[in-house]
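As a plain string of letters, each chain reads:
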Amino acid sequence: MPREGPCAHPDCVAPDEMSGQWTYVPAAFASANGVPGRCVCKKAECLRWCGLKPPKQSPGRKRAVRE
């Protein structure tokens, strides 16, 4: 099965322009959400959408606890 676009993420900025960099959507996610496509591009937001990358962290460092 070839990896090809367009990106399955509905809000992808450029769904057709990843020049061969595609990742399969996990089968469990695809069946549960009715994903129209079968691949997502390698953009972080698209990978987060289907659960292949952890959620975005808040910027900055954690402060040390003061006693």
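The structure under discussion appears in the preceding block.
Residues numbered from 1 in each chain as written. Predicted model: local features only at pLDDT ≥ 70, side-chain atom pairs only at ≥ 80, totals over all residues. Heavy atoms only, no water.

## Details of the side chain of His9
You can see His9 is positioned in the segment before β1 (22-24). A distance of 3.1 Å separates a polar atom in the side chain of His9 from the backbone nitrogen of Cys12. Residue contacts for His9: discarding those within four places in its chain leaves Val40, Glu45, Cys46 and Trp49. (Helix = DSSP H or I, 4+ residues; strand = E, 2+ residues; numbered from the N terminus. Polar contact = N/O pair within 3.5 Å; in protein donor to acceptor, adjacent residues only side chain to side chain. Contact = heavy atoms within 4.5 Å.)

## Re the nonpolar core
In summary, soluble globular proteins display a tendency toward joint burial of nonpolar side chains. Residues Cys7, Trp22, Val25, Val40, Cys41 and Cys46 are the most contacted members of the largest nonpolar core, which totals 14 residues. Of all the secondary-structure elements, those providing two or more residues to this core are β2 (39-41) and α2 (44-49). For this core, the leading source of residues is β2, giving three residues. Each residue touching Cys46, except ones within four places of it in the same chain, is listed here: Cys7, His9, Cys12, Val40 and Cys41. (Core = buried A, V, L, I, M, F, W, Y, C linked by side-chain atoms within 4.5 Å. Buried < 20%, exposed > 50% of the residue type's maximum accessible area, 1.4 Å probe, protein only.)

## Quick word on the packing of aromatic side chains
Here the structure, examined in full by the defined rule, presents one aromatic pair. Here the aromatic rings of Phe29 and Trp49 are separated by 5.0 Å at their centres, their planes lie at 80 degrees, and the arrangement is edge-to-face. One end of the pair, Phe29, is in helix α1 (residues 27-33); the other, Trp49, is in helix α2, with 20 residues separating them in the sequence. A residue is classified by how much of its surface remains accessible, and Trp49, at 28% relative accessible area, is partly exposed. (Phe/Tyr/Trp six-rings, centres within 6.5 Å; stacked < 30°, edge-to-face > 60°.)

Nothing here speaks to function; it is geometry throughout.
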